[in-house]
Amino acid sequence: MQPDGFSALTVCGVRELADHRARGVTHVLSLIDADWPEMQAFADYDDHHRVVLEFDDIIEPIAGKILPAQQHMEAILRFGETLKSVKFDRDGHLLVHCYMGVSRSTAAMVTLLTQALPDASEEHLFARLQHIRPQAWPNSHMISQADHMLGRGGRLTQELRRHYGRQLQREPNYRTWMRELGRESELAMAVTP
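Values in this document were obtained by computation on a predicted structure and should not be read as measured data. (Residues numbered from 1 in each chain as written. Predicted model: local features only at pLDDT ≥ 70, side-chain atom pairs only at ≥ 80, totals over all residues. Heavy atoms only, no water.)

Quick word on helix 5 (residues 155-170)
Turning to step 1, where the next piece is worked out: Taking 1.5 Å per residue as the helical rise, helix 5 with its 16 residues ought to reach 22 Å, and the 23 Å between its terminal C-alpha atoms agrees with that figure.
Turning to step 2, where the next piece is worked out: For helix 5, the full list of buried residues reads L156, E159, L160, H163, Y164, G165, Q167 and L168.
Turning to step 3, where the next piece is worked out: The elements touched by buried residues of helix 5 are helix 2 (104-116), helix 3 (122-132), helix 4 (140-149), helix 6 (173-180) and helix 7 (184-189). (Helix = DSSP H or I, 4+ residues; strand = E, 2+ residues; numbered from the N terminus. Expected span 1.5 Å × (residues − 1). Buried < 20%, exposed > 50% of the residue type's maximum accessible area, 1.4 Å probe, protein only. Contact = heavy atoms within 4.5 Å.)

Some points on the packing of aromatic side chains
Turning to step 1, where the next piece is worked out: One pass over the structure, following the stated rule, counts 5 aromatic pairs.
Turning to step 2, where the next piece is worked out: Summarising the aromatic geometry, the rings of W36 and Y99 are spaced 5.2 Å apart at their centres and angled 65° between planes, so their arrangement reads as edge-to-face. Here W36 is found in the loop between strand 2 (27-32) and strand 3 (49-54), whereas its partner Y99 is found in the loop between strand 4 (92-98) and helix 2, with 63 residues between them in sequence.
Turning to step 3, where the next piece is worked out: Judged by relative accessible area, which is 30%, W36 ranks as partly exposed.
Turning to step 4, where the next piece is worked out: Ring geometry for Y174 and W177: centres 5.5 Å apart, planes at 85°, overall edge-to-face. Separated by 3 residues within a single helix, Y174 and W177 lie in helix 6, roughly one turn from each other. (Phe/Tyr/Trp six-rings, centres within 6.5 Å; stacked < 30°, edge-to-face > 60°.)

Examining the side chain of R152
Turning to step 1, where the next piece is worked out: Structurally, R152 can be placed in the loop between helix 4 and helix 5.
Turning to step 2, where the next piece is worked out: Polar contacts involving the side chain of R152 include one to the side chain of E122, which spans 2.7 Å.
Turning to step 3, where the next piece is worked out: Apart from residues lying up to four places away in sequence, R152 is in contact with T114, L117, P118, A120, S121, E122, L125 and D147. (Polar contact = N/O pair within 3.5 Å; in protein donor to acceptor, adjacent residues only side chain to side chain.)

Overview of the pairing of strand 4
Turning to step 1, where the next piece is worked out: Among the 7 residues in strand 4, 7 count as buried, and that is most of the element.
Turning to step 2, where the next piece is worked out: Of the two faces of strand 4, the one holding G92, L94, V96 and C98 and the one holding H93, L95 and H97 are both buried throughout.
Turning to step 3, where the next piece is worked out: Examined bridge by bridge, strand 2 and strand 4 share 4 bridges and lie parallel to one another. When the bridges of strand 4 are listed, S30 appears paired with H97. (Pairing = 2+ DSSP bridges.)

Here we look at the nonpolar core
Turning to step 1, where the next piece is worked out: Formed by 41 residues in total, the largest nonpolar core has its most connected members in L29, L31, I76, L94, V96, M109 and W137.
Turning to step 2, where the next piece is worked out: Ranked by residue count, the leading element in this core is helix 2, at 6 residues.
Turning to step 3, where the next piece is worked out: In contact with V96, not counting residues within four places along its chain, are T10, V11, C12, L29, L31, S105, A108, M109 and L112.
Turning to step 4, where the next piece is worked out: Counting 10 residues, the second-largest nonpolar core is a separate cluster that includes V14, L17, M39 and F42. (Core = buried A, V, L, I, M, F, W, Y, C linked by side-chain atoms within 4.5 Å.)

A short note on helix 4
Turning to step 1, where the next piece is worked out: Those residues of helix 4 that sit buried are S140, M142, I143, Q145, A146 and D147.
Turning to step 2, where the next piece is worked out: Looking at where helix 4 begins, the residue whose side-chain oxygen comes 3.0 Å from the main-chain nitrogen of H141 is N139.
Turning to step 3, where the next piece is worked out: At the exit of helix 4 stands G151, carrying a positive phi of roughly 65°.

Structural notes on empty space enclosed by the protein
Turning to step 1, where the next piece is worked out: Overall, the coordinates contain 1 cavity of 30 Å³ or more when judged by the stated rule.
Turning to step 2, where the next piece is worked out: In this model, the largest cavity occupies a volume close to 40 Å³.
Turning to step 3, where the next piece is worked out: Looking at the largest cavity, the residues that line it are V14, L31, I32, D33, W36, Y99 and R104.
Turning to step 4, where the next piece is worked out: For the lining of the largest cavity, the residue count by class is 5 nonpolar, no polar and 2 charged. (1 Å grid on protein atoms, 1.4 Å probe; cavity = no way out; pocket = protein on both sides within 12 Å on 5 of 7 lines; lining within 4 Å. Points joined across faces, edges and corners; volume = space filled by probe spheres on them. Nonpolar A, V, L, I, M, F, W, Y, C, P; charged D, E, K, R; others polar.)

Printed below as a string of structure tokens:
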């Protein structure tokens, strides 16, 4: 099941952008740090609609960093609303990226899927994300906000906890990586299946 009009959904990191230039990308959501330079890869893409949001991949306030805030999540949801109204003359291809294609972008993709598929279970939404981006480790702060804004009553966050648990079983090195990134609270959230 995909949002209407899209035959392809992609999540990637900055270094992978060139790999998608010939894949007919029609819509791009770029989630980047505020000081990130313009990415030249998009000059080689076919005509596409792109929205850029600038905030850091953090889950709690850090001096000098931009925490994903309500206005960022509102902008993601506005982007999602525009996708609903687009009449495609060809199949749509949505690409969402951040620096690594692991945290901000995967949280945004789950948010967009939840918005587009309001009757889908949280389990289905995260299974879809896992299919799109196997290494997904969505930003918990963003998911918490999406959960509230989309009226999921905590169920999106609960499924995120199970997702983290599955990811830690699949790739134990995530434990070290998340500690190095200061994301211990996300490790503590994980529920082992």
